[in-house]
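For reference, the chains in residue letters:
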Amino acid sequence: MCCKVLDIEELDKRAGPLCGHCTATNGCTIYKKRPEVCRDFECEWLMERSLANPLKPNLTGTILMIDPDTDQYQAVTDPARPQAWRHPLVFKHLIAKAKEGHVVVAKSGLMSWRVYASGECAPWV
Ligand code: SF4
């Protein structure tokens, strides 16, 4: 999913289309030479072993991640499924993160929403 839904500046890849180096059968065709940004990226589901298995990105349609530039806790979805972050398990998790004090933002392509500890959501720029 990260090879599809994330915007990757180094590859001039926008959010949504699958990376041109990715194949359905063999994965990354430039794996050994993939850019540093791909080598370094790990979503919260990979990093945070306490996350429930049903929060796995391919099951919810949502990648959970800390944005390194803004420190926001983000839920990034495929632009083809822009509301996937409203999946009950994901939404409950996002509210819990907001209650911990994180700035929580759901993103889908160019659209984004702030998720507050109260459970309210609002478009976010
Ligand atoms: S270069 Fe490889 S790892 Fe990076 S986004 Fe493309 S397919 Fe994925």
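Check the entry above for the structure.
Described below are features of the structure shown in this document. Keep in mind it's a predicted model, so treat the numbers as computed, not measured.

### Section: the overall build of the protein chain
Alright, step 1. Summing up its helical and strand segments, the protein chain has 5 helices and 7 strands in all.
Alright, step 2. From first element to last, N terminus to C terminus, the protein chain shows the α and β order α-β-β-α-α-α-β-β-α-β-β-β.
Alright, step 3. Relative to the globule expectation of 14 Å for 125 residues, the C-alpha radius of gyration of the protein chain, 14 Å, shows essentially globular dimensions.
Alright, step 4. On the principal axes, the C-alpha backbone points of the protein chain span a range of 45 × 30 × 25 Å.
Alright, step 5. Here the contacts in the protein chain between residues at least 6 apart in sequence split such that 36% fall between residues at least 24 apart.

### A look at the site of the ligand
Alright, step 1. Every residue lining the ligand is accounted for by Cys3, Ile8, Leu11, Cys19, His21, Cys22, Cys28, Ile30, Arg34 and Cys38.
Alright, step 2. Along the lines of polarity and charge, the residues of the shell around the ligand split into 8 nonpolar, 1 polar and 1 charged.

### Describing the sheet that holds strand E4 (residues 73-77)
Alright, step 1. Taken in spatial order, the 5 strands of this open sheet run E3-E4-E5-E6-E7, and their pairing is mixed. One side of each edge strand has no neighbouring strand; the edge strands of this open sheet are strand E3 (62-66) and strand E7 (121-123). Each strand of the sheet is rotated relative to its neighbour by a mean of 25 degrees, with strand direction disregarded.
Alright, step 2. Here E3 pairs with E4 via 5 bridges, running antiparallel. Bridging from a neighbouring strand, threonine 62 pairs with threonine 77 of E4.
Alright, step 3. Strand contacts of helix H5 (residues 88-99): E3, E4, strand E5 (104-108) and strand E6 (111-115), with the helix running at about 140 degrees to E5, the strand carrying the most contacts.

### A word on the pairing of E5
Within a regular beta strand, the side chains point alternately toward one face of the sheet and then the other, so they alternate between its two faces.
Alright, step 1. Burial runs high along E5: 4 of the 5 residues are buried.
Alright, step 2. Pairing between E4 and E5: 5 bridges, direction parallel. Counterpart to threonine 77 in the pairing with E5 is serine 108.
Alright, step 3. Read as a crossover between parallel neighbours, the route from E4 over H5 to E5 is right-handed.
Alright, step 4. Pairing of E5 with E6 involves 5 bridges; the strand directions are antiparallel. Considered in E6, the bridge of valine 105 is made with arginine 114.
Alright, step 5. Between E5 and E6, which pair antiparallel one after the other, the connecting turn spans 2 residues, and glycine 109 there sits at a positive phi close to 60 degrees.

### Overview of the pairing of E3
Alright, step 1. Extensive coverage of E3 is indicated by the burial of 4 of its 5 residues.
Alright, step 2. Where E3 hands over to E4, the hairpin turn is made up of 6 residues, of which aspartate 71 adopts a positive phi near 65 degrees.

### Looking at the environment of lysine 56
Alright, step 1. With respect to the helices and strands, the residue lysine 56 is situated in the loop between helix H3 (44-47) and helix H4 (57-60).
Alright, step 2. C-beta crowding within 10 Å serves as the criterion here: with 15 such atoms nearby, lysine 56 is assigned to the partly exposed category.
Alright, step 3. Sequence separation between lysine 56 and valine 90 is 34 residues, and the spatial gap between their C-alpha atoms is 9.9 Å.

Quick notes on the rules
- Residues numbered from 1 in each chain as written.
- Predicted model: local features only at pLDDT ≥ 70, side-chain atom pairs only at ≥ 80, totals over all residues.
- Helix = DSSP H or I, 4+ residues; strand = E, 2+ residues; numbered from the N terminus.
- Rg over C-alpha atoms; globule rule 2.2 N^0.38 Å.
- Contact = placed C-beta atoms within 7 Å.
- Near = placed C-beta within 6 Å.
- Nonpolar A, V, L, I, M, F, W, Y, C, P; charged D, E, K, R; others polar.
- Pairing = 2+ DSSP bridges.
- Axes fitted to C-alpha atoms, helices over the stretch in contact; angles between N-to-C directions.
- Buried ≥ 20, exposed ≤ 12 C-beta atoms within 10 Å, placed from the backbone.
- Right-handed = clockwise from strand over helix to strand, strands pointing away.

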